[in-house]
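These are the residues of each chain, in order.
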Amino acid sequence: AQTVTQSQPEMSVQEAETVTLSCTYDTSENNYYLFWYKQPPSRQMILVIRQEAYKQQNATENRFSVNFQKAAKSFSLKISDSQLGDTAMYFCAYLSGGGADGLTFGKGTHLIIQP
Amino acid sequence: DVKVTQSSRYLVKRTGEKVFLECVQDMDHENMFWYRQDPGLGLRLIYFSYDVKMKEKGDIPEGYSVSREKKERFSLILESASTNQTSMYLCASRFRNPSNEQFFGPGTRLTVL
């Protein structure tokens, strides 16, 4: 079974700083997908960014980018120019490429952006 | 916009009651999912459904069952609620392609007394 590890239960940075959230995963598969989801205090889970394992290029969405290291099984999320609205729980998630199975989530990182 | 709705934001039930959590999506998604979210544990998959009438066990199916009679609706059933089922329950849906985003509902915070 796949596992996803987020080693930082909580992080706090000042507004406008850059922050990196770490995620490692364990799998024997070659084809899979990785995701970062954000859950603000409203509880609504929102997709931040996704990465297909077969793509070498790191995904980027505006201020959000990932550092995908397939050999190291690492998938970190970088948030540039952090904003107060970035305060949320962030979950890293893994999906097997084989079918319609559900996501395997890490335990989450609570990110706090200080004014 | 895709919308996934859940029948209740908050629910309080008593031990031994039968509990129904309803989830409806409006985008004709084939796949639907039920997750449980607990502090320090992240989200864990309870059950999922590939399509109508189909269901598969996730990682923690014990004490739960599901029903998918219509494509847009996926119900989670607690046959006899217990206090250790107090949790946040999140429903999600997705088009068949696994690379597609899972869209989540707002969650139901269930308390079993």
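See the structure above.
To start, this report covers the structure provided alongside it. Keep in mind that what you see is a predicted model, and the values were worked out from it rather than measured. For every chain, the first residue of the written sequence is number 1, and numbering continues from 1 onward in sequence order. Labels are handed out in written order, letters beginning with A for the chains and numbers beginning with 1 for the ligands. Where local features are concerned, this predicted model is filtered to residues with pLDDT of at least 70; where side-chain atom pairs are given and counted, the filter is 80 or more; whole-chain, interface and lining totals use all residues. To obtain the side-chain values, all non-hydrogen atoms of the structure were used and water was disregarded.

A separate point is the overall build of chain B. A run of DSSP states H or I qualifies as a helix once it reaches four residues; a run of E qualifies as a strand once it reaches two. Both are numbered from the N-terminal end. Along its length, chain B carries 0 helices and 11 strands. Reading the secondary structure of chain B in the N-to-C direction produces β-β-β-β-β-β-β-β-β-β-β. For chain B, the C-alpha atoms occupy an extent of roughly 40 × 30 × 25 Å along the three principal directions. Note on exposure labels: buried denotes an accessible area under 20% of the residue type's maximum, exposed denotes more than 50%, and partly exposed covers the range between, all computed with a 1.4 Å probe on protein chains only. The buried share of chain B, taken over its 113 residues, is 51%. For this analysis, residues touch if any pair of their heavy atoms sits within 4.5 Å. Sequence-distant contacts, at least 24 apart, represent 55% of the contacts inside chain B between residues at least 6 apart. Surface accessibility in these figures is a Shrake-Rupley result with a 1.4 Å probe; residues are shielded only by whichever protein chains are displayed. On chain B, roughly 5,300 Å² of surface is accessible, and the fraction owed to carbon and sulfur atoms is 49%.

Residue and element names in this part refer to chain B. Strand direction decides the pairing type here: strand β7 (residues 65-70) and strand β8 (residues 73-78), joined by 4 bridges, are antiparallel. Among the inter-strand pairings, Val66 is bridged to a residue of β8, identified as Leu76. Pairs of strands are assigned from DSSP output, requiring at least two bridges between the strands. Where β7 folds back onto β8 in an antiparallel hairpin, the turn is made up of 2 residues.

Further remarks concern the sheet that holds β8 of chain B. Residue and element names in this part refer to chain B. Ordered by their spatial adjacency, 4 strands build an open sheet running β1-β3-β8-β7, and the pairing between neighbours is antiparallel. Only two strands of the sheet have a single neighbouring strand rather than two, namely β1 (4-6) and β7. Averaged over all adjacent pairs, the angle separating strand axes in this sheet is 20 degrees, with direction ignored. The sheet contact formed by β1 and strand β3 (residues 19-25) spans 3 bridges and is antiparallel. Bridged to Gln6 within β3 is Cys23. For every element, the axis is a line fit to its C-alpha atoms; helices are fit only across the contacting stretch, and the angle between N-to-C directions ranges from 0 to 180 degrees.

Stacked, edge-to-face and tilted are the three classes for Phe, Tyr and Trp ring pairs, Trp counted by its six-membered ring, which pair at centre distances within 6.5 Å; planes under 30 degrees apart are stacked, over 60 edge-to-face, the rest tilted. Here the structure, examined in full by the defined rule, presents 16 aromatic pairs over all chains. On the basis of an interplanar angle of 40 degrees and a centroid distance of 6.1 Å, the ring pair of Tyr25 of chain A and Tyr94 of chain A is categorised as tilted. A residue pair is termed long-range when its members are at least 10 positions apart, and Tyr25 of chain A in strand β4 (residues 24-26) and Tyr94 of chain A in strand β10 (residues 88-96) qualify at 69 residues. In this pair, the class of Tyr25 of chain A matches that of Tyr94 of chain A, namely buried. Note on Trp36 of chain A and Phe75 of chain A: the rings are 6.3 Å apart at their centroids and 20 degrees apart in plane angle, and the pair reads as stacked. Note that Trp36 of chain A is positioned in strand β5 (residues 32-39) and Phe75 of chain A in strand β9 (residues 74-79), a separation of 39 residues in sequence. Judged by relative accessible area, Trp36 of chain A falls into the buried class, the value being 0%. Overall, the relative accessible area of 0% leaves Phe75 of chain A in the buried class. Aromatic ring contacts, followed pair by pair, group Phe35, Tyr37, Phe91 and Phe105 of chain A together with Phe33, Tyr35, Phe48, Tyr50 and Phe104 of chain B into a single cluster. Whether a charge sits over a ring depends on NZ of Lys or CZ of Arg being within 6 Å of the ring centre and within 35 degrees of the ring normal. Over the face of the ring belonging to Tyr10 of chain B we find Arg43 of chain A, whose NZ or CZ atom lies 5.2 Å from the ring centre.

As a further point, take the state of the cysteines. Residues and elements named next belong to chain B. Note that a disulfide, as used here, is simply two cysteine sulfur atoms within 2.5 Å. Under the definition given, this model contains 2 disulfides over all chains. One disulfide bridge connects Cys23 with Cys91, the sulfur atoms lying 1.8 Å from each other. Because the sign of the S-S torsion sets the handedness, a value of about -75 degrees for the bond joining Cys23 and Cys91 places this disulfide among the left-handed ones. Of this pair, Cys23 sits in strand β3 while Cys91 sits in strand β9 (residues 87-94); the two residues are 68 residues apart in sequence, bridging distant segments of the chain. In this structure, Cys23 and Cys91 share a single accessibility class: buried.

Moving on, we come to the pattern of salt bridges. Close approach of charged atoms lets side chains of opposite charge pair. Residues and elements named next belong to chain B. Each salt bridge in this description consists of a side-chain nitrogen of Lys or Arg and a carboxyl oxygen of Asp or Glu lying within 4 Å of one another. On inspection of all chains with the given rule, the structure shows 9 salt bridges over all chains. The salt bridge partner of Asp38 is Arg44, with a shortest N-O separation of 2.8 Å. Among the residues examined, Asp38 registers a relative accessible area of 11% and is labelled buried. Relative accessible area serves as the criterion here: at 27%, Arg44 is assigned to the partly exposed category. A salt bridge links Glu69 to Lys53, with the nearest nitrogen and oxygen atoms 2.5 Å apart. With Glu69 in strand β7 and Lys53 in the loop between β5 (42-49) and β6 (56-57), this pair connects stretches of sequence that are 16 residues apart.

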